[in-house]
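Architecture and fold: a report
Here's the letter readout for the chains.
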Amino acid sequence: MLAVHGLNTHYGRAHILQDMAFEVGAGEAMVLLGRNGAGKSTAMKSIIGLVQPTSGRILFGGRDIAGEAPHRIARSGLGYVPEDRRVFADLTVMENLEVGRQPAREGLRPWTPARLFELFPNLGRMRDRPGGRMSGGEQQMLTIARTLMGNPRLVLLDEPSEGLAPVIVQAMAEAILALKAEGLTILLAEQNSHFAEGIADRATVVEKGRAVWSGTMAALRADESVRAQYLAL
Amino acid sequence: MSSILPQLLTGLATASSLFLISAGLTIIFGVSRIVNFSHGSLMMLGAYIGWSILTRLPREPEWFALGILATALATALIGVVLEMAVLRRVYRSPELFQLLATFGVVLIIQDVTLLLWGPTELPLPRPRWLRGFVEVAGSRFPLYDLVLIAIGPLVLGLLWLALNRTRWGTLVRAATLDREMVAALGVDQRRLFTSVFALGAGLAGLGGALSLPNASANLGIDLSVIADAFVVVVVGGLGSLPGAFLASVLIGVLQAFGIVLVPKITLVLVFLVMAVVLVFRPNGLLGRPQTEAREATVAAPVVRPAPPALRLLGAAALALAVAAPFIVGGYYLTVLTDACVAILFAASLHFMMGPGGMASFGHAAWFGIGAYAAGLLLHWAGAPMPLGLLAAPVAAGIVSGLFGWFVVRLSGVYLAMLTLAFAQIAWAVSFQWVEVTGGDNGLLGVWPPDWARDPRPYYWMALALSVGVALLLRRALYAPYGYALRAARDSAPRARAIGLDVERLRIVALVIAGAACGLGGAIFAYGKGGVFPTYISIPHSVEALLMVLLGGLQTVAGPIIGALVYTGLADILVRSTDLWRLVLGAVIVVLVVAFPEGIAGAVRRLWLRGREA
């Protein structure tokens, strides 16, 4: 469903992504694993179009979307959940969801606030609360819900567990699994494999802007040397 | 007692007009972060278009209302064209270039309006119902002012509904907080921005058309309105609609009573209100601290010493400049003297703007204060020129220090708007305080002593002073003070953390810039033999900006090159065409869109590229 080939991205003179390549199949959950600064977030921003890649191809549903405007990429069915949440602090929960709303997509059951409140019951109890007055976990759920309002076929989840209390992380993992069960394709970015463990089917390990290893989660578990070399703190 | 109510109503009517012009400005700023200088021009277009429509319609109230609405629509359409042709291309440019681009639009609209409607003022013949009066507390109150009073809150209410009860409004509010995220959620920002700009322009047009019965369509509207609107928006808090309304009421009512109590205080009063509000609430009445608009920000330019070859070129140019009086004649010598003054004007602005990071839209204020200091000393105390040349930088430095004390904590856009407002007030004082400054006629007979009467020695003196000051400014830039100032510009919190007194550094920069600029003003005054309010006008302030931005902020030589190029271009333009504003405006817009780094920056880049390859 999503295939990244030879992707290069620069910030000024710094060469961040260097021939990055990976694929995500339909209905699959894939995780980009790597240390802080490995290029996971840049990869996601390049895919959604917030950062302009210098070269390379990003095929989504067979179409090359590299270099397109973010709103076009989003409308073609790609959802993006940023790492630092970025809820609209002055807007209420309902208004945040409204910003994300896009027309229903063929073959997908459209997301409504009511459906999202089943997935995240917390949000349903604070419909009129401004985003800025919610806890970190609530904000994280709101960003995911907001992205789902666009009825994406694939979501990019950039470190959804970052900075959250263990209980909340658990709830988050369950919600993401529920989405996966619905058939949503997921590309996750994580620093350590623990959170990804229960969610992802496959992993791509990223180091210094390159994809250095790729395989199933089971293979990663078995490969002690890869984990020691690229993922240990 | 009986005069209080009518006076209050007059104030509220003024408040409504103020709100109409500032609402559009603040909405546009909120979303696009662009301070739209051409907002006053849109209001002026509204007045002219309104005049053309209303004079062709039947004179009944319902037709009047329809004509007003049609005008607002027409101006909104012009706004759409403007946004798509100009603003859309500069959303990612640095703030100042955006301001400059919209000022280019101001110039263009000036000349286009002049071409279409001619230079004469166009008053609207008022039908009888518009001249009606209502009995209020025993005195007659104009009916139309009551209509105006109602329109202000009505517009506020409608805007509130649009922003809080529609999807469009939700998207707009989201975009003011984080436009990148809005785009990533599938919203087409460009259409959103265009629609916001159209709304703002429509409001300006509405304000212009509604001002017709009490005023007229004239070519001075654009700049007088924009200064008022800036003050209201700053007092209310940038981007805050209710804030703009509150500020309008405050200023409108205070003005209405101020006129009765002290007729000449009005302009100073506005400034006082602004100063008091900003001392207690640096972000305006209902404004919030400016969060960084989330978008990749361009790093501030680093000022580096010029490569040796370029220095050699500069030395050669200087030698040529010293020898110039033996080569060229009288007229060109005065142009060259003007160029020396322009160098001071531009280099001083560059000092506070480039390394200091404080943009100014009212740099002419210091120029004018220096010129008036010299002129007044001569006029009232008979002080000779050397004393005048000494007093000018001192006076300008002191005033800019005082001004700096008020504004030094403010961030970029606020500061730029306040400098403009301050310059407007300085202009008003020089214009209105006829007994002291001679008002519009200015101070005449400000001539240099006999030894400097001839253009040659005067030119050499101007050259020596401007080159000397430019070198001193450069020296300061590479001294520890200059590094500290640049550190404070790049990150105030980090500079504070290593023990730098950011406020003091900035005030000192303002004093230095003000003093250098004031000296330029005095040299100019003696050269022309007079001092006039036009020295402090907004277009003059913008000239300084143009010079600096033409040359680019990245180099010390930039403002000097910019000053020379600008002086030369302006001289040619003014002599060759009546439509110089149109041409200049178009040149500005094209330059801003094409060379976001200025001439010197572009040359430098090409030069370095040649070297590296």
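Values in this document were obtained by computation on a predicted structure and should not be read as measured data. (Residues numbered from 1 in each chain as written. Chains lettered and ligands numbered in written order. Predicted model: local features only at pLDDT ≥ 70, side-chain atom pairs only at ≥ 80, totals over all residues. Heavy atoms only, no water.)

Residue and element names in this part refer to chain B. Annotation of chain B at the domain level lists domain 1 (17-218) and domain 2 (327-536). Its C-alpha centre places domain 1 at a distance of 35 Å from the equivalent point of domain 2. Across the boundary between the two partners, domain 1 contributes six residues, which contact seven residues of domain 2. Summed over both sides, the interface of domain 1 with domain 2 buries roughly 600 Å², with 94% coming from carbon and sulfur. When the buried surface of domain 1 facing domain 2 is broken down by residue, Val35, Phe37 and Leu96 rank first, second and third, together holding 60% of it. The interface formed by domain 1 and domain 2 contains zero salt bridges. At the junction of domain 1 and domain 2, the tally comes to zero residue pairs in polar contact (both at pLDDT 80 or more). The class makeup of the residues in the side of domain 1 that touches domain 2 is five nonpolar, no polar and one charged. (Domains from an automatic or database assignment. Contact = heavy atoms within 4.5 Å. Buried area = accessible area lost by both parts, 1.4 Å probe. Salt bridge = Lys/Arg side-chain N within 4 Å of Asp/Glu carboxyl O. Polar contact = N/O pair within 3.5 Å; in protein donor to acceptor, adjacent residues only side chain to side chain. Nonpolar A, V, L, I, M, F, W, Y, C, P; charged D, E, K, R; others polar.)

Okay, the packing of helix H13 (residues 330-353) of chain B against helix H18 (residues 455-478) of chain B next. Residues and elements named next belong to chain B. At a closest axis distance of 9 Å, the pairing of H13 and H18 adopts a crossing angle of 15°. Judged by the angle between their axes, H13 and H18 are roughly parallel. Regarding H13 and H18, the two cross each other, and that crossing is left-handed. Across from Leu333, Leu336, Thr337, Cys340, Leu344, Ala347, Ser348 and Phe351 in H13, the residues of H18 making contact are Pro455, Arg456, Tyr458, Tyr459, Ala462, Leu463, Leu465, Ser466, Val469, Leu473, Ala476 and Leu477. Looking at the contact of H13 with H18, its residues break down into 16 nonpolar, three polar and one charged. (Axes fitted to C-alpha atoms, helices over the stretch in contact; angles between N-to-C directions. Helix = DSSP H or I, 4+ residues; strand = E, 2+ residues; numbered from the N terminus. Parallel < 35°, antiparallel > 145°, perpendicular 65-115°, else oblique. Left-handed = near helix turned anticlockwise from the far one by under 90°.)

Moving on: the interface of chain A and chain B. On the chain B side, the residues contacting the 23 residues of chain A number 20 residues. The tally of links between chain A and chain B comes to four salt bridges. Put simply, A:Glu95 and B:Arg173 hold a salt bridge, and the shortest N to O gap is 2.5 Å. At the boundary of chain A with chain B, the tally comes to nine residue pairs in polar contact (both at pLDDT 80 or more). Mapped onto the side of chain A that touches chain B, the elements with two or more residues apiece are helix H2 (70-75), helix H3 (93-100) and helix H6 (136-148) of chain A.

Turning our attention to the side chain of B:Thr102. All names here are of chain B. By the secondary structure assignment, threonine 102 is in helix H4 (residues 95-117). For threonine 102, a relative accessible area of 1% puts it in the buried group. Here leucine 99 takes part through its backbone oxygen, which lies 2.7 Å from a polar atom of the side chain of threonine 102. Apart from the residues within four sequence positions on either side, threonine 102 is in contact with Ile34, Val35, Asn36, Phe37, Ser38 and Leu87. (Buried < 20%, exposed > 50% of the residue type's maximum accessible area, 1.4 Å probe, protein only.)

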